[in-house]
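# Topology and contacts: notes
Given next are the chains, with one letter for each unit.
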Amino acid sequence: KNSNEPISEHLREFPRLDVFYLGFVSSRPPFDDPKVRRAFLMATDREELLANAVDEDAILANGFLPPGLPGYNVRPPIRFDPQEARKLLAQSKYGGPSGLPPIIYITPGQGTPSDIVMGLVEMWSANLGVTVQVRLVEPSQYYYGLDRIVENIFDYGWIADYPDPQNFLDVLFYSKADNNVGGYSSQAVDSLLEQARVVESNDERFEAYKQVEDILVGDAAAIPLRFGSIHMLV
């Protein structure tokens, strides 16, 4: 936005109601252990990834509800802490990098992985001592067959059908939801989501969704990466 341009006073920035994240298949090793998921989360320098992202209007995500959404919560930053990440991995039931099974990262693409994907793999190698293999899937087929081909880590994104937290948290993380590709399951999350479906007060609903988001971030259900934004002349 250039204040010397007469048209700049008409420029507005609006949040896009979407979220992009790295999913874990928490229904199978090694991401069945929350400490392993948390280790990968804290070993990921998301700010560096965002700085190199193609979408220059992207907003760093510290949760799963985008700005502009009713019930959105301003959340504290998620720490990038490789030292703590290594401790968590050592404390996990796998005992450290040498105890982990092979880990495969599924991502859409052709030919060679993107710089962002390779950046992630290099971060996990440098910060955790973990080798992650990348498997590319034809982009046009990626989301349609992901539930059949997903291995351990996968790219995922969601754009709102309608502006409500239910259309993010319930659709993506309820244990029986079709779009819960990673099979994340939490009795506390399910209970809160079921409660929020029938509560009439928006204040009570939004408080329930806030608690759900707190649990998801604390449990490292996935690694939130970015929200979108768009600029328009009005």
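Here, every reference points to the structure presented above.
An account of the accompanying structure is given in this report. Here the structure is a predicted model, which means the values were calculated and not measured.

## Some thoughts on the side chain of Asp33
Structurally, Asp33 is set in the loop between strand E1 (11–24) and helix H1 (34–42). No salt bridge is formed by the buried Asp33; the nearest opposite charge belongs to Lys93, separated by 5.7 Å. Side-chain polar atoms of Asp33 contact the backbone nitrogen of Lys35, separated by 2.8 Å.

## Some words on the packing of aromatic side chains
Inspection of every chain in the model, using the stated rule, returns 13 aromatic pairs. Ring centres of Tyr142 and Tyr143 lie 5.0 Å apart, and the angle between their planes is 90°; this geometry places the pair in the edge-to-face category. Put simply, the rings of Tyr21, Phe64, Tyr142, Tyr143, Phe154, Tyr156, Phe173 and Tyr184 pair up and form one aromatic cluster. Positioned above the aromatic ring of Tyr174 is the side chain of Arg197, whose terminal nitrogen or guanidinium carbon lies 4.3 Å from the ring centre. Above the plane of the ring of Phe20 lies Arg226, whose end atom (NZ or CZ) is 4.3 Å from the centre.

## Here's the deal with the packing of helix H7 (residues 187–198) against helix H8 (residues 202–218)
Two numbers describe how H7 lies on H8: the axes approach to 9 Å, and their chain directions differ by 160°. With respect to H8, the axis of H7 lies roughly antiparallel. Classified by chirality, the crossing of H8 by H7 is left-handed. Contacts between H7 and H8 involve Ala188, Val189, Leu192, Leu193 and Ala196 on the former and, on the latter, Arg205, Ala208, Tyr209, Gln211, Val212, Ile215 and Leu216. Looking at the contact of H7 with H8, its residues break down into 10 nonpolar, 1 polar and 1 charged.

## A short note on unusual backbone geometry
Pro30 follows Pro29 through a cis peptide bond whose omega is 0°. Summarising the element assignment, Pro30 is placed in the loop between E1 and H1. A positive phi angle, close to 50°, is found at Ala220, a residue other than glycine.

## A word on the packing of helix H6 (residues 166–173) against H7
Put simply, H6 and H7 touch, their axes get as near as 11 Å, and they point 140° apart. The angle between H6 and H7 falls in the class oblique. Between H6 and H7 lies a crossing whose hand is left-handed. Touching Leu169, Asp170 and Phe173 of H6 are Val189, Asp190, Leu193 and Arg197, all from H7. Partitioned by chemical class, the residues of the contact of H6 with H7 number 4 nonpolar, no polar and 3 charged.

## What about the pairing of strand E6 (residues 222–233)?
Alignment of E1 against E6, held across 10 bridges, turns out to be antiparallel. Within E6, the position partnered with Arg16 by the bridge is Gly228. Where strand E2 (residues 59–60) and E6 come together, 2 bridges link them in antiparallel fashion. Along E6, the bridge assignment pairs Leu60 with Arg226.

The rules we used
- Each chain carries its own residue numbering, running from 1 in the direction its sequence is written.
- Only residues with pLDDT of at least 70 are given local features in this predicted model, and only at 80 or more are side-chain atom pairs given and counted; all residues enter the totals for whole chains, interfaces and linings.
- The side-chain numbers reported here are obtained from all heavy atoms of the structure, hydrogens and water having been left aside.
- Under the scheme used here, helices are H or I runs from DSSP no shorter than 4 residues and strands are E runs no shorter than 2 residues, and both carry numbers assigned from the N terminus.
- The classification of residues rests on relative accessible area computed with a 1.4 Å probe and restricted to protein chains. Under 20% of the type maximum is buried, over 50% is exposed, and intermediate values are partly exposed.
- When charges are counted, Lys and Arg contribute as positive and Asp and Glu as negative, whereas His and the chain ends are disregarded.
- Put simply, a salt bridge is a Lys or Arg side-chain nitrogen that is within 4 Å of an Asp or Glu carboxyl oxygen.
- N or O atoms within 3.5 Å of each other form a polar contact, as long as, within protein, one can give a hydrogen and the other can take it, and as long as residues adjacent in sequence are counted only when both atoms are side-chain atoms.
- Stacked, tilted and edge-to-face are the three classes applied to pairs of Phe, Tyr and Trp rings, where Trp contributes its six-membered ring and a pair requires centres within 6.5 Å; stacked means planes under 30 degrees apart, edge-to-face means over 60, and tilted covers the rest.
- Lysine and arginine charges are scored as sitting over a ring when NZ or CZ, respectively, is within 6 Å of the ring centre and within 35 degrees of the ring normal.
- Helix axes use the C-alpha atoms of the stretch in contact, all axes being lines fitted to C-alpha atoms, and the angles between their N-to-C directions lie in the range 0 to 180 degrees.
- Working rule for angles: under 35 degrees goes down as roughly parallel, over 145 as roughly antiparallel, 65 to 115 as roughly perpendicular, anything else as oblique.
- Two helices cross in a left-handed way if the nearer one is turned anticlockwise from the farther one by less than a right angle. They cross in a right-handed way if the turn is clockwise.
- Note on contacts: a residue pair qualifies if any of its non-hydrogen atoms lie within 4.5 Å across the two residues.
- By the convention adopted, Pro, Cys, Tyr, Trp, Phe, Met, Ile, Leu, Val and Ala count as nonpolar, Lys, Arg, Asp and Glu as charged, and the other residues, Gly among them, as polar.
- Strands qualify as paired when DSSP identifies two bridges or more between them.

Shape descriptors only; they carry no functional weight alone.
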